Amino acid sequence: FICMVIRYSVIKRKNLGKDKTEHPQKYYAQGVNVAQISFETVCEEAAEASAMTTADMKAAVDRLTLIVSRYLKMGYSVKIGELGCIRMAIGSTGSLTEEEFSASMIKEPKVVFYPGSMLKQAKKSVSFLRIKGGEVAQEPPLEPENPDVV
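Residues numbered from 1 in each chain as written. Predicted model: local features only at pLDDT ≥ 70, side-chain atom pairs only at ≥ 80, totals over all residues. Heavy atoms only, no water.

**Description of the overall build of the protein chain**
- A tally of helices and strands in the protein chain yields three helices and six strands.
- Put simply, the protein chain runs from its N terminus to its C terminus through helices and strands in the order β-β-α-α-β-β-β-α-β.
- Counting every position in the protein chain, which comprises 150 residues, the buried fraction comes to 13%. (Helix = DSSP H or I, 4+ residues; strand = E, 2+ residues; numbered from the N terminus. Buried < 20%, exposed > 50% of the residue type's maximum accessible area, 1.4 Å probe, protein only.)

**So, the sheet that holds strand E3 (residues 78-80)**
- The strand order across the open sheet formed by three strands is E3-E4-E5, and the pairing between neighbours is antiparallel. The strands lining the two open edges of the sheet, one partner per strand, are E3 and strand E5 (110-115). Averaged over all pairs of adjacent strands, the angle between strand axes in this sheet comes to 25 degrees, irrespective of strand direction.
- Strands in contact with helix H2 (residues 54-73) are E3, strand E4 (84-89) and E5; relative to E3, the strand with the most contacts, it is inclined by about 155 degrees. (Pairing = 2+ DSSP bridges. Axes fitted to C-alpha atoms, helices over the stretch in contact; angles between N-to-C directions. Contact = heavy atoms within 4.5 Å.)

**Some remarks on the side chain of Ser9**
- Looking at the secondary structure, you find Ser9 in strand E1 (residues 4-14).
- Accessibility expressed as a relative area gives 16% for Ser9, which makes it buried.
- Residue contacts for Ser9: discarding those within four places in its chain leaves Tyr28, Ala29, Gln30, Val32 and Ile131.

The structure is reproduced here in structure tokens:
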């Protein structure tokens, strides 16, 4: 079991809640990323835990991206194993009558991701660490104790 810690800072923002008149600003948590793990690092780590080479892993992910993109454009939602499901979502401006509505009122589609069961479970097992003014988020070890456990 790996202890996962999400770092955060507290910042003042405009209050959009029901009490915004009495309290125009409030303090909110904002996530602080330690760093970004590169695609190369992810492919290397995945390759080490499989029979694939890093190049094979990169090629597989690149091909997966092309396939997912094609199915999304065709209107499908795409399930990607335990990772989750991806689909397109649209919104639009409104019209007063159905007859007045046209496709030009539809906004640019968004790609929506729904996490799979493993990622949902990971969300439940995190704790939070507050980073105060000027502190630098310390990097956790890059390699988990057991790569098969999230």
